[in-house]
Amino acid sequence: MRYFLVKICSIILITQAVSFVVNAQQVQEKSLSKQRQQQLIHILKQDCGSCHGMTLKGGLGSPLLPKNLKLQSTKMIANTILNGRPGTAMPPWKPLLSKQEIYWLAKQLKQGLKHEQK
Ligand code: HEC
């Protein structure tokens, strides 16, 4: 449990530092760079994975596999990631990731992660 809290705190610090740099870059960049996409996949597995499971099959957080999200549009998923779910452990990611990045992540969840990205 303590490890978990330490991890969450360090994640928040790191992602804040990263998002600061990234936000500055985004002014010029319309689409996400390949490198940023890889970072986001990493965030998905490590940070989201700390609650949703490394393979997104669920843990403290609900499973996030395509079959689990079938009934939700990309926009609905993105809204959950943007704003979190008040009253649950799901935090808002709006302060840490851009809207564009969150939509991209929502799309990846909808499609399912490719095998080679594991
Ligand atoms: C601190 C734990 C925690 C972290 C970190 C976390 N989540 Fe969650 N998430 C939850 C919980 C708990 C729920 C279930 C909320 C509920 O009961 O409605 C949830 C729900 C969701 C849902 C809605 C699923 C559904 O079936 O409606 C999505 C999508 C989601 N999370 C995506 C993410 C993404 C993407 C990240 C990383 C950027 C992330 N979560 C990080 C705890 C977490």
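Since this is a predicted model, take the numbers as computed values, not measurements. Per-chain numbering applies: the sequence of each chain, read as written, is numbered from 1 onward. Local features in a predicted model are, by the rule used here, given only for residues with pLDDT of at least 70; side-chain atom pairs are given and counted only at 80 or more, and totals for whole chains, interfaces and linings are based on all residues.

> Mind laying out the site of the ligand, listing which residues take part and the relevant values?
Each residue receives a C-beta atom placed from its backbone. It is near a molecule or strand if this atom lies within 6 Å of it. Of all residues adjacent to the ligand, which total 20 residues, the nearest are C48, C51, G61, T88 and M90. Segments assigned H or I by DSSP are reported as helices when at least four residues long, segments assigned E as strands when at least two residues long, and all are numbered from the N terminus. Of all the elements in the fold, those that place two or more residues in the shell around the ligand are α2 (34-52) and α3 (74-83). It is α2 that contributes the most residues to the shell around the ligand, five residues altogether. Partitioning the shell around the ligand into residue classes produces eleven nonpolar, seven polar and two charged. Lys, Arg, Asp and Glu make up the charged group, whereas Ala, Val, Leu, Ile, Met, Phe, Trp, Tyr, Cys and Pro make up the nonpolar group; the residues left over, Gly among them, are polar.

> Requested: an account of the packing of α3 against helix α4 (residues 99-111), with residues and values cited.
At a closest axis distance of 8 Å, the pairing of α3 and α4 adopts a crossing angle of 125°. Classed by the angle they form, the pair α3 and α4 counts as oblique. Regarding α3 and α4, the two cross each other, and that crossing is right-handed. Seen from α3, the contacting residues are T74, I77, A78, I81 and L82; seen from α4, they are K99, I102, Y103, L105, A106, K107, L109 and K110. Looking at the contact of α3 with α4 residue by residue, the class counts come to nine nonpolar, one polar and three charged. Only the contacting stretch of a helix is used when fitting its axis, a line to C-alpha atoms as for every element, and angles between N-to-C directions run 0 to 180 degrees. Orientation is classified from the angle alone, with under 35 degrees giving roughly parallel, over 145 giving roughly antiparallel, 65 to 115 giving roughly perpendicular, and any other angle giving oblique. A clockwise turn of the near helix away from the far one marks a right-handed crossing, whereas an anticlockwise turn of less than a right angle marks a left-handed crossing. Contact criterion: two residues are in contact if their C-beta atoms, reconstructed from the backbone, are within 7 Å.

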